[in-house]
Amino acid sequence: MAVDTSRIRGSIPAIVTPMTQDGALDEAALRRMVDWHVEQGSHGIVAVGTTGESPTLDHDEHMRVVEIVIEQANGRIPVIAGTGSNSTAEAIELTKHAAEAGADAALVVVPYYNKPTQAGLYAHFRAVAQAAPDLPILIYNVPGRTVADIANDTIVKLARDVPNIVGIKDATGDLNRPSLLRLELGEDFIQLSGEDGTALGFNAHGGRGCISVTANVAPALCAEFQEAMLAGDFARALQLQDRLMPLHKALFVETSPGPVKYACSLLGLCSPFARLPMVEIADTSKKAVEAAMRHTGLLG
């Protein structure tokens, strides 16, 4: 099946899910956040990725956030719905909903905790993709969170066997992998970095963008950074990397999304609240986030 994936590129924030201080979804803040990202130049949005606290949203909340983001974006930028799970049946349900809601693509994480074999990973992604054959599927490989690591050979087989598996979000930090995949699958296979700090190198190896945590709070800078690389201006990109790197580091001073939600609160985007087992970040971590935001020019 032929799908138009040319718009899936550049700076794509994996947005936080705004919540009130009592833990309810803050729909008004979510709508404002989507509008802000469009205005700031983000090239797309991921709704309910792991940065969006997908593990602690129930199914109704998960689906509602996807629906709101699609409705508010209104076609102005692509919306990629996070639909992964360690249960194949659950991932299928969420992916079919994303297709029905009008998402431009789905981001499906490698199943976590149950640690499937490569054969199991192949069967999982094939089943999810075939359940929504008209929806482009991006594999999300983040072994630091999932323990399991989908091998390049498995990705190649999936991309060749299943027409709507069109790309990957790679958060391995291994810059050999995008070049090796590019040799096997060509430049049409979408490769997006899932790690802000190595996105510069990733794009030099053939990537076309980043699904970003940092773009939650520095969307204009992250968009400029990605546009420079897409234009082949890696000298300008390196200047922006120097400006952004302390923020990339600070937003992981504790487990995400604690630091990025705190950073969002400093900009008035939403409260810093995250659901248990996430807790408020420590005062020392807050100072590190604030210092990085000042370095980047986001705070006075």
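Residues numbered from 1 in each chain as written. Predicted model: local features only at pLDDT ≥ 70, side-chain atom pairs only at ≥ 80, totals over all residues. Heavy atoms only, no water.

Engineer: Break down unusual backbone geometry for me, with residues and values.
Structural biologist: Of the consecutive residues Ser256 and Pro257, the connecting peptide bond is found in the cis state with omega at 15 degrees. Here Pro257 shows up in the loop between helix H10 (234-250) and helix H11 (258-266). Here the residue pair Leu276 and Pro277 is connected by a cis peptide bond, since its omega of 15 degrees sits within 30 degrees of zero. Structurally, Pro277 is set in the loop between H11 and helix H12 (283-296). For Val48, which is not glycine, the phi dihedral falls at a positive 60 degrees. When you line up the elements, Val48 lands in the loop between strand E2 (45-47) and helix H2 (59-73). Positive phi, normally seen in glycine, also occurs at Glu53, with a value near 65 degrees. With respect to the helices and strands, the residue Glu53 is situated in the loop between E2 and H2. The buried category is assigned to Glu53, whose relative accessible area is 3%. (Helix = DSSP H or I, 4+ residues; strand = E, 2+ residues; numbered from the N terminus. Buried < 20%, exposed > 50% of the residue type's maximum accessible area, 1.4 Å probe, protein only.)

Engineer: Explain the packing of aromatic side chains to me, using residue names and the numbers behind them.
Structural biologist: Following the criterion strictly, the structure yields zero aromatic pairs and no others. Positioned over the ring face of Tyr140 is Lys169, at 3.9 Å from the centre of the ring. (Phe/Tyr/Trp six-rings, centres within 6.5 Å; stacked < 30°, edge-to-face > 60°. Lys NZ or Arg CZ within 6 Å of the ring centre and 35° of its normal.)

Engineer: How would you summarise the environment of Pro133 if you had to cite specific residues and measurements?
Structural biologist: Mapped onto the fold, Pro133 is located in the loop between helix H4 (118-131) and strand E5 (137-141). Separated by 50 residues in sequence, Pro133 and Thr83 place their C-alpha atoms 14 Å apart.

Engineer: Before we move on, could you go through H12 and cite the residues and values that matter?
Structural biologist: One turn of the α-helix equals 3.6 residues, which is why residues spaced by three or four share an orientation. Compared with the 20 Å implied by 1.5 Å per residue over 14 residues, the 20 Å span of H12 between its first and last C-alpha is a close match. Among the residues making up H12, those that are buried are Ser285, Lys286, Val289, Ala292, Met293 and Thr296. Along the axis of H12, the buried residues cluster in a sector spanning 130 degrees; they form a single face. The exposed residues of H12 that point more than 90 degrees off its buried face are Asp283, Thr284 and Lys287. Here the buried face of H12 lies against helix H9 (219-230), H10 and H11. Among the residues trailing H12, Gly297 stands out with phi positive, at a value near 95 degrees. (Expected span 1.5 Å × (residues − 1). Arc of directions from axis to C-beta. Contact = heavy atoms within 4.5 Å.)

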